[in-house]
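# Examination of the molecular architecture
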Amino acid sequence: MRRAAAIPRPAEQRDTGLDDAELRERLAYTWGRRPGIIGWLSTVDHKEIGRRYIITAFVFLALGGLLAAIIRLQLARPESHVVGPDLYNQIFTTHGSNMMFLFAVPVMQAFSLYLVPLMVGTRNIAFGRLGAYSYWMFLAGGVFLWVSFILDIGPDVGWFAYVPLSGPQYGIGKRPDVWAQMITFTEVASMAAAVQTIVTVFKHRAPGMKLTEMPLFVWAMLVTAFMIIFAMPAVMVASTSLILDRLVGTHFFNPAEGGSALLFQHLFWFFGHPEVYIIFIPGTGMVSAIIETFARRPVFGHIAVIISLVATGMLAFGLWVHHMFATGLPEIGASFFTIMSMTIAIPSGLQMFCWLVTLFTGTPVIRTPLLFVFGFFFIFVLGGMTGIMVASIPIDLQVHDTFFVVAHFHYVLIGGAVFPLIGATYYWFPKITGRMMNERLGVWNFWLAFIGFNVAFFPMHILGILGMPRRVYTYQHDVGWDGLNLTSSIGAFILATSFGLFFFNMWRSARGGAPAGRNPWGAGTLEWLAESPPLPHNFDHIPVVTHATPLWAERESLPIVSGISVNRREIVVTTLIEARPEVRESSPDSSIWPLIAAIATTIAFIASIFSPWAVVWGGALIGVALIGWFWPKTIREDLE
Amino acid sequence: MIRRMAWMFLLSGALAGCRDWQSAANHAGAEAERIWSLTLLFTIVLGLIWLAVMIAVVLVIRRRRAAPVSAHDALIDDAGHRRNSQIVGSLLAATAITVAILTVLSFITQRPLFAGRASTAGIRLIGHQWWWEVRYDGATPAEMFTTANELHIPVGTRIRLSLESNDVIHSFWVPSLAGKQDLIPGHNNSIELLAQRPGVYRGQCAEFCGLQHAHMGLLVIAEAPDAFEKWQAAQRAAAQTPQDGDPAKGAGVFVSKPCALCHTIRGTSAGGTFGPDLTHLGSRAYIGADVLPLTPGSLAAWIADPHSVKPGVNMPPVQLQGDELNAVTAYLIGLK
Amino acid sequence: MKTRVVTDVSSLPTYGFGTSASTWWGTLGFCAIEGTGFALAIGMYLFLAFSNPHWPLGFSRPVHWPGTALTLLLLLSIIPNVIVERAAHEEDLPRVRWLLVLMTAIGLVAIAIRFVEFYMLIPRWDSNAYGSIVWLLLGLHATHLITDVGDSAVLTALMFTKHGRAKRLADVSDNAFYWYFVVGAWLPIYYLVYWFPIL
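Residues numbered from 1 in each chain as written. Chains lettered and ligands numbered in written order. Predicted model: local features only at pLDDT ≥ 70, side-chain atom pairs only at ≥ 80, totals over all residues.

## Comments concerning the overall build of chain B
Using the following cut-off: Secondary structure elements are defined from DSSP: runs of H or I of at least 4 residues count as helices, runs of E of at least 2 residues count as strands, and each element is numbered from the N terminus. Two things to know: the radius of gyration comes from C-alpha atoms, and the globule rule equals 2.2 Å times the number of residues to the power 0.38. Note on burial: count the other C-beta atoms lying within 10 Å of the residue's C-beta; 20 or more is buried, 12 or fewer is exposed, in between is partly exposed, and C-beta positions come from the backbone. Residue pairs are scored as contacts if the distance between their C-beta atoms, which are placed from the backbone, is within 7 Å.
Within chain B, the secondary structure is distributed over ten helices and twelve strands. Taking 336 residues into account, the globule formula puts the C-alpha radius of gyration at 20 Å, and chain B, at 28 Å, lies well above it. Its C-alpha atoms give chain B principal-axis dimensions of roughly 100 × 40 × 40 Å. Residues counted as buried form 40% of the 336 residues belonging to chain B. Sequence-distant contacts in chain B: of pairs separated by 6 or more residues, those separated by 24 or more amount to 64%.

Okay, structure coming up:
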């Protein structure tokens, strides 16, 4: 507590009786980070960590996009030699793994880390230090994958890494281990962030914000966090068992010794299918937020949308076998998964109808974020339709593992998550940076993305029907795929241009965009109550919430809470359902230990693909770091 | 617009004379035909639904409205809530009904697919990195024979293939005849083919299987029953032993060089089982799992340096003199 | 925007126990994650058992005595665990101290028994898939035993320093909560490893 020594203050100072300027200055000081590089590395502020997370995830998006560009160059012509098979296999594996584990899931969690505390009206995410640890683990996992790729030991077994191809007998060198351990890094990061989101939403909501009246984006992130908790352990079990098979000679997946190659697929897809919804559900949360603001009315059927989110999250765990229809499963079992896969269309439809009614009965103001929502409707609904096709066993047996499926999931993921994400970036950019993004560039950005995407991916449906399998590094001239592949490649480059424009717009607007003010869009949820960008403590006063869109409901004056400390980090803990205040809990101070713990974990994880003993000494190393993390620094910290 | 462009490309491709011998749309098998009908039906129904949603979106965008009200007023004014709930409810019911109907149609179509699984297979298809071993069963050893990368079947007869793998997972897929089925080590799978008209249909491994996954093709030749019988009789025979000239010299080179360690030529001492059986190589249309058409030139190029044709293939380059290469090529081409 | 105070929270306590503490929910979240991990490992065991014609793949079931001893010890440990949780709640520091010492000791004995279990296992992890999955189950649970005992030891040390008060007592109660999870997760594994039928 060096700060306390530098500026003597009374032991306990509450926010009652301070004038606005002093209150703000004191709170910003208490919640701000320490100066210097150590301060930068020690911060536990959800906004700083969220921003780093978002920027890092966008860097991985750009890198993964470069790989996609190489893929499309290679496939533009038959029998082409832009890259050879070995490099191509590393490229498509790294592209897929990067986009799923280093971009799509983290970027959604990053928005959650940044926005959820603001939207529920609290001052930091729960367990701020865990958030810092999560970010460093994510960064380490990403760097690990990319450095491996540059050193020519990038994984080359596909993002699904099926055994035996990735197993001890056929997986080359350490390439599959790099894949498996990158999973561990990113899953640890994701699960930590998921626990933070859940606790923040459950316990740190502003007084009065009932669970049912939370913004839909917060609901989406809550459902996502639960899905992460129940889905991600599966892929960790799969990847850990794979490393054990490869490193110490276990036989989980070796049929010659009683293991099973299909076991790996079950474990992988038990994670892999919910994963798609872990990416898509935050996208729907973003769509709800944007539609609400730009239609200038609350989303029609608030409760119906919540039910739909929860139902989607639960059904998503009953779909995994539809990735395995070609493995020869018994009819009854496979058919069950057809029914489940078809059923999930119902909650998705429900959300769609609620949005349309909202727009129809509202008075939509068409700005870039809403344009991207329209793009989402066009693309995602088409992807949903092809999703119903692949749920049918006979159709799937034809199109499974072909470019039809490549088209399908890019429609679902880019349409369902990336379009909303870009819209959301245009929407929340003013909150994060204090400046508006350029609207004219935004419109260009949208049309290039929309046209480029469809030109790139629509032809792939036809390519799949024409028999083009996935994951081929080239194809012969005599199968009739040339024209469509060339078209697709042209579209891919238009799409890439749109991303270039997007990044350029962000970079330029961050420096010279029009100042935004608190609430440039006239939105109704709490994040727009904070300054843009928010001060370290988010809100000068913790609001008391009376309505799902508090800023629309309370026009004259805002009800607030008083009695919170200003010279130590204190938040209000409220009850689960009704959000009645329960406890004034202290919120973690800045600490360098999460970084140290992340470094220790990184050393242990990387070493353990070379030696099983690394688990033992690495575990001890992590243990020491964790003791440092949790050991109280001063007696004052306890008193407070 | 984009869709039209795509279809135009498709059409122009077809008109340019490309062979759509690997297309699910160009069905020639009973299973592929059933699936294609179902696919078309799904495409039309779902396409119309998609179109309806898009029209709704356009209507929403273009609807004329009174001057924008403040969002605060929208909170209070909730006229029409009941009607809107009814609209959402009916749309939801319509979704559920559509989905249920499509599910039932899908189940009806899948019945024959699962029906014959128990029957015994007459042909074993074994996946290797990166080629297909095809074993024809028979009542006596003399009736059995092995070939590679080319599957002959009689038209109009149900043929069950057992699908096995000795290394990694592969997937057997000949779109014109049927959907795909995986070849998984330690797991017994099978698939049924019923070719309705004679023709040559191309297939390709559909499960990523490593470096040369892209070059693991296979041809299915469906022919009239008598033609098939003739082919089968020819395949059952051992290789002819050439008497003179290059082919005879080539036969000698083949068994004295490493070739014989990996390849079998029935009727000679070459009995390796690591690579494809070459007993009747000359009768096949392609080499290298459908990488190159079989010609003396391409075969010589393949033997001289398989890795320049198919990088990473498991066949090592064999050191041969120029005349030895010519002789081996002549010998193998002659194995009809 | 103008504000009006409608709620004053200055009289609320600064730490809470159970569901009113953030940490309790965090612990519950990690229990859910790890519980899913256990469930999946159990699923793997069942998948392998039912996809092989004979189980346990040529081995006989391991001798159950060390496992049974561990089970009894873990079940008995629930009693002091309940008491320590209550003592923490009552902020009775002396009792918390010696009960934590007891719990740490119990944990160390449990770890020792786990090593005996490993030692007495006939199949090794690399013998066949049966050996692999048994080692995985016992190993997964062993990491939880070790983690919890480590946590208890650190907390015990903390209680003998000036930090042994207030909010740290809530941490003691969370630690006790986690121990229930460690005990609960063991029971299905114990059944699978030592009593699951020979197929």
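## Structural notes on the overall build of chain A
Summing up its helical and strand segments, chain A has 21 helices and three strands in all. In terms of overall dimensions, chain A is globule-like: its C-alpha atoms have a radius of gyration of 25 Å, near the 26 Å expected for 640 residues. If you line up chain A on its principal axes, its C-alpha atoms span 80 × 60 × 50 Å. Buried positions account for 66% of the 640 residues belonging to chain A.

## As for the packing of helix 7 (residues 175-203) of chain A against helix 8 (residues 216-247) of chain A
All names here are of chain A. Test applied: Angular values range over 0 to 180 degrees, each being the angle between N-to-C directions of two axes fitted as lines to C-alpha atoms, with helices fitted over their stretch in contact. The scheme is simple: roughly parallel for angles under 35 degrees, roughly antiparallel for over 145, roughly perpendicular for 65 to 115, oblique for anything else. By convention, the crossing between two helices is left-handed when the near helix turns anticlockwise from the far helix through less than a right angle, and right-handed when the turn is clockwise. When residue character is reported, Ala, Val, Leu, Ile, Met, Phe, Trp, Tyr, Cys and Pro are called nonpolar, Asp, Glu, Lys and Arg charged, and the others, Gly included, polar.
Closest axis-to-axis distance for the helix 7/helix 8 pair is 8 Å, and the angle between their directions is 155 degrees. If you check the angle between helix 7 and helix 8, you find them roughly antiparallel. Handedness of the crossing formed by helix 7 with helix 8: left-handed. Residues that form the contact of helix 7 with helix 8 fall into these classes: 19 nonpolar, five polar and three charged.

## Here's the deal with the sheet that holds strand 9 (residues 199-204) of chain B
Residue and element names in this part refer to chain B. Where we set the bar: Paired strands are those between which DSSP finds at least two bridges.
Read from one edge of the open sheet, three strands run 4-10-9, paired in mixed fashion. If you trace the sheet from one side to the other, it starts and ends with strand 4 (150-154) and strand 9, each paired once. Geometrically, the sheet is characterised by an average inter-axis angle of 25 degrees between neighbouring strands, direction not taken into account. Looking at chain direction, strand 9 and strand 10 (residues 217-223) are connected through six bridges and run antiparallel. For Arg202, the partnering residue across the bridge sits in strand 10 and is Leu219. Where helix 5 (residues 225-236) meets the sheet, it contacts strand 4 and strand 10, and its direction lies at approximately 135 degrees from that of strand 4.

## Some details on the environment of Met159(C)
All names here are of chain C. Along the chain, the position of Met159 falls in helix 4 (residues 129-159). Taking the C-alpha atoms as reference points, Met159 and Ala87, 72 residues apart in sequence, are found 13 Å from one another. Not counting residues up to four positions away in its chain, the partners in contact with Met159 are Leu93, Val96, Arg97, Leu100 and Gly164.

## Here we look at the nonpolar core
All names here are of chain A. Note the following rule: Residues of type Ala, Val, Leu, Ile, Met, Phe, Trp, Tyr and Cys that are buried and joined through C-beta atoms within 7 Å form what is called a nonpolar core.
Core analysis: the biggest nonpolar cluster contains 359 residues, and Ala104, Val218, Ala234 and Ile290 have the highest contact counts within it. A per-element tally of this core places helix 8 first, with 23 residues. Dropping the residues within four chain positions of it, Val218 is found in contact with Val116, Met119, Val120 and Val201.

## Quick notes on the packing of helix 8 of chain A against helix 9 (residues 261-295) of chain A
All names here are of chain A. Where helix 8 meets helix 9, the axes come as close as 8 Å, and the angle between the chain directions of the two elements is 165 degrees. In terms of orientation, helix 8 and helix 9 fall into the roughly antiparallel class. As for the relative orientation of helix 8 and helix 9, their crossing is left-handed in sense. In terms of residue class, the contact of helix 8 with helix 9 is made up of 26 nonpolar, four polar and one charged.

## A closer look at the interface of chain A and chain B
Between chain A and chain B, the contact holds 82 residues from the first and 79 residues from the second. Top contributing element to the side of chain A that touches chain B by residue count: helix 12 (residues 345-361) of chain A, with eleven residues. Partitioned by chemical class, the residues of the side of chain A that touches chain B number 48 nonpolar, 26 polar and eight charged.

## Considering the interface of chain C and chain A
Taken together, the contact pairs 47 residues of chain C with 52 residues of chain A. Breaking the side of chain C that touches chain A down by element, the ones donating at least two residues are strand 1 (2-8), helix 1 (22-51), helix 4 and helix 5 (166-195) of chain C. At 15 residues, helix 1 of chain C tops the list of elements feeding residues into the side of chain C that touches chain A. In terms of residue class, the side of chain C that touches chain A is made up of 22 nonpolar, 17 polar and eight charged. Note: strand 1 (residues 557-562) of chain A against strand 1 of chain C, six bridges, orientation parallel. Counterpart to Leu558(A) in the pairing with strand 1 of chain C is Thr3(C).

## Observations regarding the sheet that holds strand 2 (residues 131-136) of chain B
Residues and elements named next belong to chain B. Overall, mixed pairing links the five strands, which are arranged 3-2-1-5-8 in an open sheet. With one partner strand each, in any of the chains shown, strand 3 (145-148) and strand 8 (189-193) form the two edges of the open sheet. Pairwise comparison of adjacent strand axes, ignoring direction, gives a mean angle of 25 degrees for this sheet. Two strands pair when backbone bridges link them, and strand 2 and strand 3 are joined in this way by four bridges, in the antiparallel orientation. Paired with Glu133 across the two strands is Ala148, which belongs to strand 3.

## Focus on the arrangement of the chains
Here two pairs of chains are in contact, and chains A and B lead that list by number of contacts. A gap remains between chain B and chain C, with no contact made and the closest C-alpha atoms lying 10 Å from each other.

## Observations regarding the confidence of the model for chain B
All names here are of chain B. Just so we agree on the cut-off: For every residue, the predictor states its confidence as a pLDDT score lying anywhere from 0 to 100.
Confidence in the prediction for chain B averages 89 pLDDT; 91% of positions are at 70 or higher. Contacts of residues 8-18 to residues separated by more than four positions or lying in other chains number twelve contacts, the stretch itself having pLDDT below 50. Here the prediction assigns the complex a pTM of 0.95, and the interface score ipTM is 0.95.

## Examining unusual backbone geometry
Residue Gln129(B) is joined to Trp130(B) through a cis peptide bond whose omega torsion reads -5 degrees. Turning to its location among the elements, Trp130(B) is positioned in the loop between strand 1 (123-128) and strand 2. The omega torsion across Trp55(C) and Pro56(C) is 10 degrees, close enough to zero to call that bond cis. In this structure, Asp152(A) takes a positive phi of about 65 degrees despite not being glycine.

## Brief notes about helix 10 (residues 322-333) of chain B
Side chains of residues three or four places apart in an α-helix project in the same direction, reflecting 3.6 residues per turn. For the record, the criterion: To estimate the expected span of a helix, subtract one from its residue number and multiply by 1.5 Å.
Under the 1.5 Å per step criterion, the end-to-end length of helix 10 of chain B is 17 Å for twelve residues, consistent within 8% with the ideal 16 Å. All buried positions along helix 10 of chain B are accounted for by Ala327(B), Val328(B), Thr329(B), Ala330(B), Tyr331(B) and Leu332(B).

## Side note on the environment of Ile432(A)
All names here are of chain A. Along the chain, Ile432 falls in helix 15 (residues 403-433). Through-space distance from the C-alpha of Ile432 to that of Phe377 is 26 Å; in sequence the pair is 55 residues apart. Those residues in contact with Ile432 that lie beyond four places of it in its chain are Arg51, Tyr114 and Pro533.

## Quick word on the environment of Pro364(A)
Summarising the element assignment, Pro364(A) is placed in the loop between helix 12 and helix 13 (368-391). Sequence-wise, Pro364(A) and Ile291(A) are 73 residues apart; in three dimensions their C-alpha atoms are separated by 8.2 Å.

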